[in-house]
Amino acid sequence: MSERIVPHAYGADDPGLPSPPAVTDIRHTPREQSRNAFANAEPRLGPTVPAAVRRWKLWLLTVCGIYPTIVLLGLATNPVLEDLYLPVRLAVLVPAAAAAMVWQINPRLQRHFGAWLTR
């Protein structure tokens with residue numbers, strides 16, 4: 001292969017062809033930059049661990065949320081489930097109440113009473 005063919009293949013003589021690929025320093029890749037940024041980051045001020053929730057307050061908040069949930073679910077499903085035995089009724093009510101507590105009621109209560117829970 002002659003020296004004239006190789007530069008021409010990358011467009012050294014013809015402006016219409018692409019220029020040769022640039023050689024990049026692998027130490028300056030985005031991954032390496034993110035590692036360096038993490039290593040050179042300023043230390044955070046203040047605690048990084050959230051404040052501990054008082055368990056008795058969380059228990060009280062859960063009781064205050066679950067009691068009306070169970071009562072309302074019991075009243076709403078009573079016409080349909082009244083002929084069933086108590087364990088079967090509870091097998092329907094408990095998963096519904098737990099789902100309501102986990103995905104709807106507890107997040108809202110904790111958002112509203114969050115500061116009180118950690119005092």
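Structure: above.
Remember, it's a predicted structure, so these values are computed and weren't measured experimentally.

What counts, and at which threshold
- Residues numbered from 1 in each chain as written.
- Predicted model: local features only at pLDDT ≥ 70, side-chain atom pairs only at ≥ 80, totals over all residues.
- Heavy atoms only, no water.
- Bend = angle between axes of the 7 residues up to and from the residue.
- Helix = DSSP H or I, 4+ residues; strand = E, 2+ residues; numbered from the N terminus.
- Buried < 20%, exposed > 50% of the residue type's maximum accessible area, 1.4 Å probe, protein only.
- Contact = heavy atoms within 4.5 Å.
- Expected span 1.5 Å × (residues − 1).
- Patch = residues over 30% accessible without salt bridge, like charges linked within 9 Å, V, L, I, M, F, W, Y side chains within 5 Å.
- Areas by Shrake-Rupley, 256 points an atom, 1.4 Å probe, with all protein chains shown as cover.
- Salt bridge = Lys/Arg side-chain N within 4 Å of Asp/Glu carboxyl O.
- Axes fitted to C-alpha atoms, helices over the stretch in contact; angles between N-to-C directions.
- Left-handed = near helix turned anticlockwise from the far one by under 90°.
- Nonpolar A, V, L, I, M, F, W, Y, C, P; charged D, E, K, R; others polar.

Okay, helix α3 (residues 55-81) next. Maximum bend of α3: about 35°, positioned at Leu75, with proline Pro79 one to four residues after it. The set of residues buried in α3 consists of Lys57, Leu61, Gly65, Thr69 and Leu81. Among the structural elements, α4 (86-118) are those in contact with the buried residues of α3.

Compared with an ideal rise of 1.5 Å per residue, which puts 33 residues at 48 Å, α4 spans 38 Å between its outermost C-alpha atoms and falls more than 12% short. Along α4, the sharpest change in direction is near 60° and occurs at His112. Buried within α4 we find Leu93, Ala97, Met101, Asn106, Leu109 and Leu117. Along its buried surface, α4 packs onto α3.

Attention now moves to the environment of Leu93. With respect to the element layout, Leu93 can be found in helix α4. Sequence-wise, Leu93 and Thr69 are 24 residues apart; in three dimensions their C-alpha atoms are separated by 9.6 Å. In contact with Leu93, other than residues within four places in its own chain, are Leu73, Gly74 and Thr77.

To continue, consider the side chain of Thr69. Residue position: Thr69 is located in helix α3. Overall, Thr69 belongs to the buried group, its relative accessible area being 10%. With residues up to four places along the chain from it excluded, the contact list for Thr69 reads Ala97, Ala100, Met101 and Ile105.

Below, the discussion takes up a nonpolar patch on the surface. On the surface, a cluster of nonpolar side chains totalling about 440 Å² of accessible area is made up of Trp56, Trp59, Leu60 and Val63. Relative to the assigned elements, Trp56 resides in helix α3.

What follows is about the packing of α3 against α4. It is at 8 Å that the axes of α3 and α4 come closest, and there the two elements cross at 145°. The element α3 and its partner α4 pack so that their crossing is right-handed. The residue inventory of the contact of α3 with α4, partitioned by class, reads 19 nonpolar, 8 polar and 2 charged.

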